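Chain by chain, the residues run as shown.
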Amino acid sequence: MSGYADNTLNEAGPAPDRKTTLGSALRRRILTMQLAPGSVLDEVALSEEFGLSRPPVRELMRQMAGEGYIELEPNRPARVTSLSYESLREYFLFAPMVYITAAKLAAENRTQAELEELKRTQRNFRTAIDNLDVEGRVFFNDQFHHQIGEMAHNAYLLPSLRRCLIDHARIGKIFYQHPNSQKMQRDLETAAGQHDAIIDALERRDAAEAGEITLAHIDLSRRNMAMYATPEGLDVPFGT
């Protein structure tokens, strides 16, 4: 499953409880920037919207704070985790190590069923590109990388990857919502092609190639995200 789930119920499975539905909705709203970084979360409004009492909402807030979606401070309302210049710098320093390690381990440990699910996600990502669907691009790109983390089957790696993906999705939303240009469309096609190449490497269990393609993929994302998300003169390391 992705780091955040669609709020639509799966007809083939049981309906999620209200707390689960709230968690899925909040994660999606945060990652797609419907809730901006630093936004106050209205506990009362959320309780009313999802038909919950205050205690389970507070419990969910604590859980999501542990995951990195929300910031909690004493005597202050819960807020969406901020996205500062310093956090951008830390992300670009740390994320490549996590993504590359995830790809290498996924090549070694993936199952065929997981690989087929990754291919389905990639088809959805390409459809979102073709349809100029900004939220779809963010959602399925996040899902693609999260699934690779799960395919790694490493309990120590996945929490770090999940935290990286929160900011990856939010930075990506800034990039994807920028008016399309020919260069942006070419880069999106390149990124989609890199996804295909990663899948191919995973299918062949070639860990080294999976890591190399992932590095190139990160560098492309980093350059494009820097163009739209970073003010001129900001000291963020965008090189390898």
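Residues numbered from 1 in each chain as written. Predicted model: local features only at pLDDT ≥ 70, side-chain atom pairs only at ≥ 80, totals over all residues. Heavy atoms only, no water.

Asks: Pulling in residues and values, what's your account of the overall build of the chain?
Replies: Secondary structure summary: the chain contains nine helices and two strands in total. Listing each helix as α and each strand as β along the chain from the N terminus yields α-α-α-β-β-α-α-α-α-α-α. Put simply, the chain has 240 residues, and 47% of those count as buried. Long-range pairs, those at least 24 residues apart, make up 73% of the contacts in the chain between residues at least 6 apart in sequence. Put simply, the chain shows about 11900 Å² of open surface, and 52% of that area lies on carbon and sulfur atoms. (Helix = DSSP H or I, 4+ residues; strand = E, 2+ residues; numbered from the N terminus. Buried < 20%, exposed > 50% of the residue type's maximum accessible area, 1.4 Å probe, protein only. Contact = heavy atoms within 4.5 Å. Areas by Shrake-Rupley, 256 points an atom, 1.4 Å probe, with all protein chains shown as cover.)

Asks: Describe the packing of helix α4 (residues 85-109) against helix α6 (residues 134-152), naming the residues involved and giving the relevant values.
Replies: At a minimum axis separation of 7 Å, α4 and α6 run at an interaxial angle of 55°. Taken together, the axis directions place α4 and α6 in an arrangement best described as oblique. Seen along the crossing, α4 lies across α6 with a hand that is left-handed. Taking contact as the criterion, the partners of Y99, A102, A103, L105, A106 and N109 in α4 are, on α6, H145, I148, G149, M151 and A152. Of the residues in the contact of α4 with α6, the class split is eight nonpolar, three polar and no charged. (Axes fitted to C-alpha atoms, helices over the stretch in contact; angles between N-to-C directions. Parallel < 35°, antiparallel > 145°, perpendicular 65-115°, else oblique. Left-handed = near helix turned anticlockwise from the far one by under 90°. Nonpolar A, V, L, I, M, F, W, Y, C, P; charged D, E, K, R; others polar.)

Asks: Please provide a residue-by-residue account of the nonpolar core, values included.
Replies: One broad rule of soluble globular proteins: the nonpolar side chains tend to lie buried together. If you look at the biggest cluster of nonpolar residues, it comprises 30 residues, and the most contacted ones within it are Y91, Y99, L118, I148, L161 and L202. Where this core is concerned, the elements lending two or more residues are α4, α5 (112-130), α6, α7 (157-176), α8 (182-203) and α9 (207-229). By residue number, the principal contributor to this core is α4, which donates eleven residues. Residues within four places of L118 in sequence aside, it is in contact with F144, Q147, I148, M151, I199 and L202. Core analysis: the next-biggest nonpolar cluster, separate from the first, contains 21 residues, L46, L52, A78 and V80 among them. (Core = buried A, V, L, I, M, F, W, Y, C linked by side-chain atoms within 4.5 Å.)

Asks: Explain helix α1 (residues 18-31) to me, and be specific about the residues and the numbers.
Replies: The end-to-end C-alpha distance of α1 is 20 Å, a good match for the 20 Å that 14 residues give at a rise of 1.5 Å each. When we look at burial in α1, the residues that qualify are T21, L22, G23, S24, A25, L26, R27, R28, I30 and L31. Capping the start of α1, D17 holds a side-chain oxygen 3.3 Å from the backbone nitrogen of K19, two or three residues further along. Trailing α1 by a residue or two, M33 shows a phi angle of about 65°, which is positive. (Expected span 1.5 Å × (residues − 1). Polar contact = N/O pair within 3.5 Å; in protein donor to acceptor, adjacent residues only side chain to side chain.)

Asks: I'd like a rundown of the environment of E189, residues and numbers included.
Replies: Mapped onto the secondary structure, E189 falls in helix α8. Residue E189 is classed as partly exposed on the basis of its relative accessible area of 34%. Each C-alpha atom, one on E189 and one on R126, is 8.5 Å from the other, the two residues being 63 residues apart in sequence. Once residues within four sequence positions are removed from consideration, E189 is found in contact with R126, I129 and D130.

Asks: Quick one: what's the story with the packing of helix α2 (residues 43-50) against helix α3 (residues 54-67), residue by residue and with numbers?
Replies: The interhelical angle for the contact between α2 and α3, taken along N-to-C directions, is 115°, at an axis separation of 9 Å. Viewed along their axes, α2 and α3 adopt a mutual orientation that is roughly perpendicular. Every pair of crossing elements has a handedness; the one defined by α2 and α3 is right-handed. Residues E43, V44, L46 and S47 of α2 form the contact with α3, whose own contacting residues are R54, V57, R58 and M61.

Asks: Break down the side chain of Q194 for me, citing the residues and quoting the values.
Replies: Within the fold, Q194 resides in helix α8. We classify Q194 as buried; its relative accessible area is 13%. Other than its neighbours up to four places away in sequence, Q194 contacts I213, A216, H217 and L220.

As far as function goes, none of this settles anything; it's purely spatial.
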